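Spelled out, the chains give:
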Amino acid sequence: MRRNGMERFIMGNEQILPKSEHFQLRKLADGVYVAIQTLSGSAGANAGIIDLGGHTVIFDTFLTPKAASELRAAAETLTDHPVTTVINSHHHIDHCWGN
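Our subject in this report is the structure included herewith. This one's a predicted model, so the numbers in the text were calculated from it and none came from an experiment. (Residues numbered from 1 in each chain as written. Predicted model: local features only at pLDDT ≥ 70, side-chain atom pairs only at ≥ 80, totals over all residues. Heavy atoms only, no water.)

Comments concerning the environment of Q24
Then step 1. With respect to the helices and strands, Q24 occurs in strand β5 (residues 23-29).
Then step 2. The exposure class of Q24 is partly exposed, given its relative accessible area of 44%.
Then step 3. In sequence terms Q24 and N46 are 22 residues apart; their C-alpha atoms lie 9.4 Å from each other.
Then step 4. Setting aside residues up to four positions removed in sequence, Q24 forms contacts with V34, A35, I36 and T38. (Helix = DSSP H or I, 4+ residues; strand = E, 2+ residues; numbered from the N terminus. Buried < 20%, exposed > 50% of the residue type's maximum accessible area, 1.4 Å probe, protein only. Contact = heavy atoms within 4.5 Å.)

A short note on the pattern of salt bridges
Then step 1. Considering all chains together, one arrives at three salt bridges under this definition.
Then step 2. Note that D30 is salt-bridged to K27, the shortest N-O span being 3.4 Å.
Then step 3. In this structure K27 comes out as partly exposed when scored by relative accessible area, which is 45%.
Then step 4. For E76, the salt bridge identified is with R72, shortest N-O distance 3.2 Å. In this pair, E76 and R72 both sit in helix α1 (residues 65-79), four residues apart, roughly one turn of the helix.
Then step 5. The exposure class assigned to E76 is buried, which follows from its relative accessible area of 7%. (Salt bridge = Lys/Arg side-chain N within 4 Å of Asp/Glu carboxyl O.)

So this is what it looks like as C-alpha cells:
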C-alpha cells in the first residue's frame, strides 16, 4: 500500500515501518511510535506518533519542514488517518521548526 509517498508493508503479523533518511521509526505499543533522529538527516530531535483511532497526533515536528513532511507522511501511512493534532513540547527550534 502506498500513501503520501511512503510504503506500508505488513508481512504476516509483523508491520514493516516506513523509512526516512531523517528518522527511524520504532513501535513502542499499539498505535504509539517514536521517530528517532538519524545522524545523516535533518530531524535534529526525536518525535512521536500516536494513533487515537480516527485521529492521529504528532508530538514535536523536528528541525526542518522536509523532515516534518516525511514524519506526517509516515504517520498517515501507519494510521490510515490524517494528522489532526500537533503538540510541541517546547519552543526550541529542533522541536518546532517543522511546523
